[in-house]
Amino acid sequence: MEFTVRQIAVLLNGHVDGDDSLTVSQLAKIEEAKPGSISFLANPKYEAFLYETRASAVIVDHSFIPREPINPTLIRVENAYLAFTQLLEEYYRLISLSRVGVEQPSFMHESTQMGENAYRGAFSYIGKNCKIGQHVKLYPQAYIGDNVCIGDYTVVHSGAKLMDNTVVGNHCVIHPNAVIGADGFGFAPQADGTYKPIPQLGNVILEDNVSVGSNTTIDCATMGSTIIRAGAKLDNLIQIGHNVEIGKNTVIAAQTGVSGSTRLGDNCVIAGQVGFAGHLTIANGTKIGAQSGVGKSVTEEGTSLNGSTAFSLRDNMRSQAIFRRLPDLERRLNELEKKSQ
Amino acid sequence: MEFTVRQIAVLLNGHVDGDDSLTVSQLAKIEEAKPGSISFLANPKYEAFLYETRASAVIVDHSFIPREPINPTLIRVENAYLAFTQLLEEYYRLISLSRVGVEQPSFMHESTQMGENAYRGAFSYIGKNCKIGQHVKLYPQAYIGDNVCIGDYTVVHSGAKLMDNTVVGNHCVIHPNAVIGADGFGFAPQADGTYKPIPQLGNVILEDNVSVGSNTTIDCATMGSTIIRAGAKLDNLIQIGHNVEIGKNTVIAAQTGVSGSTRLGDNCVIAGQVGFAGHLTIANGTKIGAQSGVGKSVTEEGTSLNGSTAFSLRDNMRSQAIFRRLPDLERRLNELEKKSQ
Amino acid sequence: MEFTVRQIAVLLNGHVDGDDSLTVSQLAKIEEAKPGSISFLANPKYEAFLYETRASAVIVDHSFIPREPINPTLIRVENAYLAFTQLLEEYYRLISLSRVGVEQPSFMHESTQMGENAYRGAFSYIGKNCKIGQHVKLYPQAYIGDNVCIGDYTVVHSGAKLMDNTVVGNHCVIHPNAVIGADGFGFAPQADGTYKPIPQLGNVILEDNVSVGSNTTIDCATMGSTIIRAGAKLDNLIQIGHNVEIGKNTVIAAQTGVSGSTRLGDNCVIAGQVGFAGHLTIANGTKIGAQSGVGKSVTEEGTSLNGSTAFSLRDNMRSQAIFRRLPDLERRLNELEKKSQ
């Protein structure tokens, strides 16, 4: 998409210094910008780049006074950083809403209907009795099983799989190759040492504004629902076990795993590669450090834990510091023993 | 699917208290049940829910005597819990066998044939010279390479990839987006610092009753076979390196990784996020705690290990307990040193 | 593919002892070989297998003198091991170049063109304005978004997803279900506790000879590029965050995660299940042990680190050894305290 500097200045409620008929088609960092790009200068630390940049236009604060001659057209606004962010969001919105219609071949069972302004990519599949909202985008090779409900403005990227009975709210984003609602890992040990699968008949519910990362897996409940509450954000390659519940606005970084029936509260912040044992309850606002292993429930809100096995962040840091000095501790102990003989 | 209470009572060899013409179409926990659901009461602890439940029917023990009036129809059986489990399995069997036939477009090379009662979903792909058994289900967007053998009653879910020469037994389940038989990670370092790929010409063999979780990856052998023995169950997001062997009825939880050429024995229980170094031999019945890192072979059967690096579970627990008290140990050491001066 | 022993001897510049008209179609280990296979004997330790093998032909050194009568035809060469490796590579090259042409149905936007000798599998998808080189193989169900560039001889396996604006060099291999260029995990916390997605407008660049493992995810940059330098090899289930840079010929084992904006140098060797915090700079030639957690930048080239949190490998090994003996240390401390009272 291509815009004139004049169009962008109007959008941002700014004033133009220079040629307002130039066209720009890309957003870029000031030090990496090429002709045809628009960039911004907010931090005075980067001012030197302004005099060298190849950007066609740069957004600056109203108050900015250049110390040297400059090539790009300037767009002056109240707050250059916020204006650029606004531009990013607008641009992103245009991109993500641009796909509409049906590419062929694609498969949709006759019992299913999609809402208005939807996109259905080639090789996407939709099973029986699904309800798909308005402005939904199903990218190529996405899979929607039977009896799935998807709210408005939700995006299901290429290769993502929503298994039977999954319920997805509005404004969710499911990234490529994520798997939602496959069988939980439940097996009953038999007398002869073999395992018999326990039927997994529940489903997964994603409330509104949930984001699920690429190749992340969320298992369906044995009975009932595995639930991801509104506004929760899951990064890539995360494992969510059966009957887990993730609270509102809880954020989980990549490669973390949550075992079956554990409930994370609201507004938790979980770093990467963390593991949670099963059947725990984690209080609202809990923070867990990277690679921690959480083996017990957390009852006090706002607790910070670290380590494998995890305990209080502060205490863990102290123990870790001494762990490094263990050879020194042992040496001191040896000396004391010699003395005391 | 919809059944009358009478039909279910006959299936479970039970007696009906109440209206046996009611229809039910869902299985549910007693506290979450809606009209049209059937539930069960086995644990007296949950009896209170019986007097409030909206379930249409509830399975109870023959001996159960209600203390209050109840709404749902009762089905009385010898053992309510077992009867409900039986119902779950029957229901699951009906669902999983329900898909038969070929959806179009799908791709099968002319040199390949599928057995009777098979399902081939839209956008599934089957290469040359494959042998596909009876009652096999290939869900949409599944990929079967060349020279692949699949036994009877095996299910390959949407987006799962079985690369060339893979051999899969009977009654296996491959969950969505699992990748079986891609190249192992083998590279020969060259004098100039670059790496040259070592051709990976082996395959993967899954014996009967193997389950492979969503987004799990099992690499093909360099030569020979990577083997998953009968009854082994792998959870989601697991990495199995080239030339690995996983023993019979061994269970591995999510996000664990097994490096190349390591052999796990039979009946092992491996928790989540565990790592195994390469070229190890792990004895039958070994148990490994979550997030452990196993760097040495295990020779004694039934060993329990924990920690990264892993050692005996009992000793690891003791060391971990002291790790938490390290600041205290250091303080005590400081005091002893002061005294001894 | 089938070859006569004579054809292979010519390829390897070897001499034949026995029937050179036999045909072979498989490469195998000497102890596992079946009729129709060719194998090799390089290590005298395995000589006994030569007298029992069912292989049709075996490659041996010129100097080899059998102590017993043998069944297979021998191909005598300068160095049996190197010759067999050469054969493996040749065989692999033949396999991987064998697919050419277009299978239907597949989808390619009219604005895109592929180079000569390319393969496009069924259900593969290519978006707008892509540039695809010569001898490129896109396997079934691969997805190429808009504005993607792919160099010559690159292979994109089944189910791999290359999102919009991705740039891939020559001779790269993208394994099944890998996801390259999906949104980075960037969210701005709002006053009400919710998170607003930060538009991710950058891309991913893979230089030449890069290998990306199955189900590995490489996020696009917020702005600018996430870059994997020439010759880097990534194993399966790895997470590469936005704006990360991986240096030339750096090798990363499975299930490792690299957080946003971290830069790994050239020729690093990173083991499995390692985690890197964000915004670090890691010097060339750094080696990191399995399951380590790297929280600080590494400035000295050739450093070896281990542990979570990671520090010098040698010191970490010493601390770990004492960690195991902590119960003993505590006991000794208790005794000293008793004595000193």
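As a reminder, the structure under discussion sits directly above these lines.
So, how was this worked out
Residues numbered from 1 in each chain as written. Chains lettered and ligands numbered in written order. Predicted model: local features only at pLDDT ≥ 70, side-chain atom pairs only at ≥ 80, totals over all residues. Heavy atoms only, no water. Phe/Tyr/Trp six-rings, centres within 6.5 Å; stacked < 30°, edge-to-face > 60°. Helix = DSSP H or I, 4+ residues; strand = E, 2+ residues; numbered from the N terminus. Buried < 20%, exposed > 50% of the residue type's maximum accessible area, 1.4 Å probe, protein only. Contact = heavy atoms within 4.5 Å. Buried area = accessible area lost by both parts, 1.4 Å probe. Salt bridge = Lys/Arg side-chain N within 4 Å of Asp/Glu carboxyl O. Polar contact = N/O pair within 3.5 Å; in protein donor to acceptor, adjacent residues only side chain to side chain. Expected span 1.5 Å × (residues − 1). Least-squares fit on C-alpha atoms with pLDDT ≥ 70 in both. Pairing = 2+ DSSP bridges.

## Comments concerning the packing of aromatic side chains
Scanning all chains against the criterion turns up 30 aromatic pairs over all chains. For the ring pair Phe323 of chain A and Phe311 of chain C, a centre distance of 6.2 Å and an interplane angle of 75 degrees mean the geometry is edge-to-face. One end of the pair, Phe323 of chain A, is in helix 4 (residues 313-324); the other, Phe311 of chain C, is in strand 40 (residues 311-312), on a second chain. Given the relative accessible area of 13%, Phe323 of chain A is considered buried. With a centroid separation of 5.3 Å and 20 degrees between ring planes, the pair formed by Tyr125 of chain B and Tyr143 of chain B is classed as stacked. Within this pair, whereas Tyr125 of chain B is found in strand 12 (residues 125-126), its partner Tyr143 of chain B is found in strand 15 (residues 143-144), the two being separated by 18 residues in sequence. A relative accessible area of 2% means that Tyr125 of chain B is categorised as buried.

## Here's the deal with the interface of chain B and chain A
Across the contact, 56 residues belong to chain B and 63 residues belong to chain A. Taking both partners together, chain B and chain A bury about 4,600 Å²; carbon and sulfur atoms supply 60% of that area. Linking Asp146 of chain A and Arg99 of chain B is a salt bridge whose minimum nitrogen-to-oxygen distance equals 3.3 Å. Joining chain B to chain A, the criterion identifies 30 residue pairs in polar contact (both at pLDDT 80 or more). Of all the elements in the fold, those that place two or more residues in the side of chain B that touches chain A are helix 3 (80-96), strand 28 (233-234), strand 31 (251-252), helix 4 (313-324) and helix 5 (326-340) of chain B. Ranked by the residues each element gives to the side of chain B that touches chain A, the list is headed by helix 5 of chain B, at eight residues.

## With respect to helix 5 of chain B
One full turn of an α-helix is made of 3.6 residues, so residues set three or four places apart face in the same direction. If you check helix 5 of chain B, its first and last C-alpha atoms are 21 Å apart, about what 15 residues at 1.5 Å a residue would give, namely 21 Å. Three or more residues of helix 5 of chain B are buried, namely Leu326, Pro327, Leu329, Glu330, Arg332, Leu333, Leu336 and Glu337 of chain B. Check the buried side of helix 5 of chain B and you find it contacts helix 4 and helix 5 (326-340) of chain A, helix 4 of chain B together with helix 5 (326-340) of chain C.

## Some words on the relation of the copies chain C and chain A
Rotating chain C by 120 degrees about the axis while translating it 0.0 Å along that axis superimposes it on chain A, leaving an RMSD of 0.1 Å. The transformation relating the two chain copies, once decomposed into turn and shift, fits a three-fold axis.

## Remarks on the sheet that holds strand 15 (residues 143-144) of chain A
Two pairing modes exist for strands in a sheet, parallel and antiparallel, and in both the strands are linked by backbone hydrogen bonds. All names here are of chain A. Taken in spatial order, the 10 strands make up an open sheet running 9-12-15-18-21-26-29-32-35-38, and their pairing is parallel. With partners counted over all chains shown, the strands left at the sheet margins are strand 9 (107-108) and strand 38 (293-294), one partner each. Note: strand 26 (residues 217-219) against strand 29 (residues 239-240), two bridges, orientation parallel. If you follow Thr217 over to strand 29, its bridge partner there is Gln239.

## Remarks on the pattern of salt bridges
Once their charged atoms are close, side chains differing in charge can pair, the charge on each being opposite to the other. All names here are of chain A. One pass over the full model with this rule turns up 33 salt bridges over all chains. The residue Asp20 makes a salt bridge to Arg6 at a minimum N-O spacing of 3.1 Å. Pair noted here: Asp20 is in the loop between strand 2 (15-17) and strand 3 (23-24) and Arg6 is in helix 1 (residues 5-12), with a separation of 14 residues, a long-range link. Judged by relative accessible area, Arg6 falls into the partly exposed class, the value being 42%.

Read these as layout, nothing more, since geometry by itself doesn't imply function.
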